[in-house]
Amino acid sequence: MTAHPVIRDERPGDAAAIHTLTAEAFAPMPYSDGTEAPIVDALRAEGDLTLSLVAVAGEDGIVGHVAFSPVRIDGRHGGWYGLGPLSVRPGHQRRGIGSRLVRDGLTRLRGMGAKGCALIGDPAYYGRFGFEGDRGLAYRGIAPAYVQQRALDGGTVSGTLAFASAFEKAGGD
Ligand SMILES: CC(C)(COP(=O)(O)OP(=O)(O)OC[C@H]1O[C@@H](n2cnc3c(N)ncnc32)[C@H](O)[C@@H]1OP(=O)(O)O)[C@@H](O)C(=O)NCCC(=O)NCCS
């Protein structure tokens, strides 16, 4: 039985474990293009890793990670951030670690004065955290239900979404 994971900020020295974990989590996913782990590295290198939380489970080490980075809506940052990539190591999934990372991250973002959070993802998963699709955000050719947002301070937003350059250079989210 592994220990109940502790959620904490990424620290110097965590980058390699986060890369490995992200690659492992996305490898079986049919929608993965294999860019997720390099995207986390690029966000960090480009100074866009606004918030990077890890879940640490005793001697298993880092078993979960979530990244938040600035986004623009119609070219304006406006205090909005993007969620992702979100990864939980296979074998540790379905124990609530992903949910804790998302909820803690949103709490931290709100504490930083963020206006809201956007992501591309499955509404069946992210709806439980208050994210809504079909609210007027557009991203490339993605179906509007998958372009989701959660207001943290103020109202929802509409317009064309753009992620940090690490995502855009990789060809999407
Ligand atoms: C998605 C992910 C981060 C969830 O982490 P987790 O720790 O397993 O999640 P939790 O234990 O908090 O929640 C699990 C619940 O989410 C559901 N869930 C997980 N992935 C889902 C998905 N893609 N769509 C809908 N529901 C999903 C499970 O059914 C489960 O619900 P249940 O317990 O009611 O059956 C993890 O499965 C993962 O790393 N996946 C591979 C990488 C990935 O796809 N990241 C997200 C890309 S948008």
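Residues numbered from 1 in each chain as written. Predicted model: local features only at pLDDT ≥ 70, side-chain atom pairs only at ≥ 80, totals over all residues. Heavy atoms only, no water.

Draft legend 1. Region of interest: the sheet that holds strand β6 (residues 116–120). The strand order β1-β2-β3-β5-β6-β8 describes an open sheet built from six strands, whose pairing is mixed. Pairing within the sheet leaves two strands with one partner each, and these edge strands are β1 (6–9) and β8 (147–151). Each strand of the sheet is rotated relative to its neighbour by a mean of 25°, with strand direction disregarded. Set on the sheet, helix α1 (residues 15–26) makes contact with β2 (51–56), β3 (62–70) and β5 (80–88); between it and β5 the angle comes to about 75°. Along the sheet face, helix α3 (residues 97–111) touches β1, β2, β3, β5, β6 and β8 and points at about 145° away from the line of β2. (Pairing = 2+ DSSP bridges. Helix = DSSP H or I, 4+ residues; strand = E, 2+ residues; numbered from the N terminus. Axes fitted to C-alpha atoms, helices over the stretch in contact; angles between N-to-C directions. Contact = heavy atoms within 4.5 Å.)

Draft legend 2. Layout of unusual backbone geometry. The amide bond that connects G84 to the next residue, P85, takes the cis arrangement and shows omega of -5°. When you line up the elements, P85 lands in strand β5. A positive phi angle is found at D74, which is not glycine, with a value near 50°. Looking at where D74 falls in the secondary structure, it is placed in the loop between β4 (72–73) and β5. Despite not being glycine, D134 has its phi angle at roughly 55°, a positive value. Among the residues examined, D134 registers a relative accessible area of 56% and is labelled exposed. (Buried < 20%, exposed > 50% of the residue type's maximum accessible area, 1.4 Å probe, protein only.)

Draft legend 3. Local environment of the nonpolar core. Within the largest apolar cluster, 24 residues are counted, with the highest numbers of intra-cluster contacts made by L83, L101, V102, L109, Y126 and F131. Elements that contribute at least two residues to this core include exactly β2, β3, β5, α3 and β6. The element contributing the most residues to this core is α3, with five residues. (Core = buried A, V, L, I, M, F, W, Y, C linked by side-chain atoms within 4.5 Å.)

Draft legend 4. Here's a closer look at the site of the ligand. What surrounds the ligand is a group of 19 residues, the closest being Y31, V88, R94, G96 and S99. Between the ligand and D122 there is a distance of 3.0 Å, counted from a nitrogen atom to a side-chain nitrogen or oxygen. Here an oxygen atom of the ligand and a side-chain polar atom of R128 are 3.4 Å apart. When the ligand is considered free in solution it has 890 Å² of accessible area, and contact with the protein chains removes 74% of it. Taken together, the elements giving at least two residues each to the shell around the ligand come down to α1, β5, α3 and α4 (123–126). Residues of the shell around the ligand, tallied by class, amount to 10 nonpolar, five polar and four charged. (Near = heavy atom within 4 Å. Polar contact = N/O pair within 3.5 Å; in protein donor to acceptor, adjacent residues only side chain to side chain. Areas by Shrake-Rupley, 256 points an atom, 1.4 Å probe, with all protein chains shown as cover. Nonpolar A, V, L, I, M, F, W, Y, C, P; charged D, E, K, R; others polar.)

Draft legend 5. Region of interest: the pattern of salt bridges. The final tally for this structure, using the stated rule, is eight salt bridges. Two residues, K115 and D153, come together in a salt bridge whose shortest N-O distance is 3.2 Å. With K115 in the loop between α3 and β6 and D153 in the loop between β8 and β9 (159–162), the pair connects residues that are 38 residues apart, well separated along the chain. The exposure class assigned to K115 is partly exposed, which follows from its relative accessible area of 34%. Residues R135 and E132 are paired through a salt bridge, measuring 3.8 Å at the closest nitrogen-oxygen approach. Of the residues examined, R135 reaches a relative accessible area of 39% and is grouped as partly exposed. Put simply, E10, D41 and R44 are held in one network by salt bridges that share partners. (Salt bridge = Lys/Arg side-chain N within 4 Å of Asp/Glu carboxyl O.)

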